[in-house]
Amino acid sequence: MIYDTSTLEETAKRLNEVSSSFCMAKWMNTTIHLHLGKTHSCHLPPIHKIPLKEVKEKPSALHNTSEKLNQRKMMLEGKRPKGCSACWDVEDLPGTHYSDRHVTGQASWTKPFYEKVLSSKWDDHINPSYLEVSFSANCNFKCSYCSPSLSTAWQTEVDKFGGYKLSGAFPHNSPFTKKMKGEAPIDDDNNPYIDAFWKWWPELKKDLMVFRITGGEPLLSRDTWKLFDLIDKEPMPELELSINSNFGVPAATFERFISTVGALEKEKKIRKIMMHTSVDTFGEQAEYIRNGLNFEKFQENVDTFLEKLPGASLSFMCTFNALSIDNFRPLMEWLITVRRKHAGPQRDIIFDIPHLRYPSFMAAQVLPPSYRDKMRELIAFMKEREHDLVGIAPIETLKMERILKWMEEVDHWDSKMLEQLERSKMDFSLFFREHDRRRGTDFLRLFPDLAPYYNYASKV
Ligand code: SF4
């Protein structure tokens, strides 16, 4: 178990024998945003540009960029790459604390590769065992916290209306200009990073244990379907195939997806299917946050997926934000019914609740203190229904308690941070008023308790 604390001490010792900054994730884990030509290892350090020149020489440079090779060299010498500060911050706390470096060091996808990594030279290219890629920004949703670099629907909107004018000098989610070339998504039909990826594939697939596809909406990318075809022809029986989907693609596409991956699973051409889908609250309020979502259709698709693929697991990713709280209880009630109907020892139905930090105007920290009572009510509701399989898992309640604590941190902020909070409140108002204007939505009908916040900009 990756979070097994009883083995973390031993794992830390094993890693530290190599060096105090050695991390297996820098070698074995990668996220490659092919549609942007960027990568990072792991997901915590900032993404960096993949030099096209390196990729043209060797397609494996999609993961093994010169920047990453230098970071590996530093790690072997006991130096700390700056981008990994999330881990160093944890490790430098007084007492013993385990960071992601330790946790990933005992993952099923790093353990078999220690010898391989240690017998390689720092500048050798290596294949990842855990790979996440985005092929395309093609997406039919424009969620309020998303951006044009990840969604073509967002791109289309800002090309027509421009970015959102908030309190800062530069509009939020502005369309890409010539100056910003290199930041904009690359055309799917003419993307040298995707060409390099398929060139690398016959070699890359050899060590692959987990392949996660993100986007955009992966089911709208033809490269996702190309991957399914390739696995059909050359099975990967040890592979966990993991896909992020909005579960809101056209019906024919969704049916085709179910039958395609269902056949791969049934014929044991892959080991496991792990789907991730996003939902941040219930009903119309969820539709408001995730523009493009049809909540009823979403519920139907969840049911169909779990019914037709009895061995598949599903994770609901709830990016908990300022608009999540008001209708969160019905979301949990629905989750419990889904678990009662479909849970089983052979599958996981996960409810992940990371809290949104950016854009900061949508973070739950901007909300008035009265919302903390609403949080306490939600936590009490969760506690009363705790059950690992057919209720609310205790870890989920714990995560909500952590979010409440994080919201309460505002009480201890200094004047500079409180100034920023005021700006966030202003941006909240400016953003959603403009959102309603250009998208024809009605914030006040769905979130009446937030009317003073919605109207904040007109009062200042
Ligand atoms: S040291 Fe931490 S941040 Fe850096 S790659 Fe490892 S797990 Fe990720």
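With that settled, consider the sheet that holds strand β11 (residues 349–352). Taken in spatial order, the nine strands line up as β3-β2-β1-β4-β6-β7-β8-β10-β11 in an open sheet, and their pairing is mixed. The open sheet has two edge strands with one neighbour each: β3 (48–49) and β11. In the sheet, strand β4 (residues 130–134) pairs with strand β6 (residues 210–214) via five bridges, with the strands oriented parallel. Bridging from a neighbouring strand, Tyr 130 pairs with Val 210 of β6.

What follows concerns the domain arrangement of the protein chain. According to the domain assignment, the protein chain consists of domain 1 (5–133) and domain 2 (142–175 + 208–459). In this structure, domain 1 and domain 2 have C-alpha centres spaced 28 Å apart. Taken residue by residue, the interface counts nine residues in domain 1 and nine residues in domain 2. Of the residues assigned to the side of domain 1 that touches domain 2, the class counts are five nonpolar, three polar and one charged.

For helix α15 (residues 370–384), spanning 15 residues, the distance from its first C-alpha to its last is 22 Å, which sits close to the expected 21 Å at 1.5 Å a residue. Among all positions in α15, only Met 375, Leu 378 and Met 382 are buried. Projected onto a plane normal to the axis of α15, the buried residues spread over an arc of 60° and lie on a single side. In this structure, α15 carries Ser 370, Asp 373, Ala 380 and Glu 384 as exposed residues pointing more than 90 degrees from its buried face. Residues of α15 that are buried in the fold lie against α14 (328–342) and α16 (394–408).

Looking at the ligand, there are 14 residues lining it, with Cys 23, Cys 42, Leu 44, Cys 84 and Cys 87 nearest. The set of elements that each furnish at least two residues to the shell around the ligand consists of α2 (25–28), α5 (85–91) and α6 (100–104). The leading source of residues in the shell around the ligand is α6, at three residues. Looking at the shell around the ligand, its residues break down into eight nonpolar, three polar and three charged.

Okay, the pairing of strand β10 (residues 313–317) next. On β10, burial follows the alternation: Leu 314 and Phe 316 on one face are buried, whereas Ser 313, Ser 315 and Met 317 on the facing-out side are not. Here five bridges tie strand β8 (residues 272–278) to β10, and the two strands are oriented parallel to one another. In the sheet register, Thr 277 faces β10, and the bridge partner there is Phe 316. As judged from the four bridges shared by β10 and β11, these two strands associate in the parallel manner. Residue pairing in the sheet places Ser 315 in a bridge with Ile 350 of β11.

Counting residues in hydrophobic clusters, the biggest one holds 92 residues, and the most contacted among them are Leu 34, Leu 62, Tyr 193, Ala 322 and Ala 364. The greatest single-element share of this core, amounting to four residues, is contributed by helix α9 (residues 192–204). Residue assignment places this core across two domains, with domain 1 (5–133) and domain 2 (142–175 + 208–459) each supplying three or more.

Looking now at the environment of Leu 421. Checked against the element boundaries, Leu 421 lands in helix α17 (residues 415–439). For Leu 421, a count of 17 C-beta atoms within 10 Å puts it in the partly exposed group. Separated by 11 residues in sequence, Leu 421 and Val 410 place their C-alpha atoms 8.7 Å apart. When sequence neighbours within four positions are dropped, the list of residues in contact with Leu 421 reads Val 366, Val 410 and Trp 413.

With that out of the way, let us pick up helix α10 (residues 222–233). In this model α10 runs 17 Å from its N-terminal to its C-terminal C-alpha over 12 residues, within 8% of the 16 Å that 1.5 Å per residue would give. Listing the buried residues of α10 in full gives Thr 224, Leu 227 and Ile 231. Along α10, the residues classed as buried sweep out an arc of 55° about the axis, all on the same side. For α10, exposure combined with an orientation more than 90 degrees from the buried face picks out Arg 222, Asp 229 and Lys 233. Its buried side turned inward, α10 meets β6 and α11 (251–266).

The peptide bond linking Ser 41 to Cys 42 adopts the cis configuration, its omega dihedral lying at -5°. One can find Cys 42 in the loop between β2 (38–40) and β3. A cis geometry characterises the amide bond from Gly 215 onward to Gly 216, with omega recorded as 5°. Mapped onto the elements, Gly 216 comes out in the loop between β6 and α10. Positive phi outside glycine occurs at Asn 173, with the angle close to 55°. Along the chain, Asn 173 falls in the loop between α8 (152–161) and α9.

Turning our eyes to something else, we now look at the environment of Ile 350. Looking at the element boundaries, Ile 350 is found in strand β11. Separated by 43 residues in the primary sequence, Ile 350 and Ala 393 place their C-alpha atoms 8.9 Å from one another. Look past the residues within four positions of Ile 350 in its chain and what remains in contact with it is Ser 315 and Phe 316.

Cut-offs and rules
- Residues numbered from 1 in each chain as written.
- Predicted model: local features only at pLDDT ≥ 70, side-chain atom pairs only at ≥ 80, totals over all residues.
- Pairing = 2+ DSSP bridges.
- Helix = DSSP H or I, 4+ residues; strand = E, 2+ residues; numbered from the N terminus.
- Domains from an automatic or database assignment.
- Contact = placed C-beta atoms within 7 Å.
- Nonpolar A, V, L, I, M, F, W, Y, C, P; charged D, E, K, R; others polar.
- Expected span 1.5 Å × (residues − 1).
- Buried ≥ 20, exposed ≤ 12 C-beta atoms within 10 Å, placed from the backbone.
- Arc of directions from axis to C-beta.
- Near = placed C-beta within 6 Å.
- Core = buried A, V, L, I, M, F, W, Y, C linked by C-beta atoms within 7 Å.

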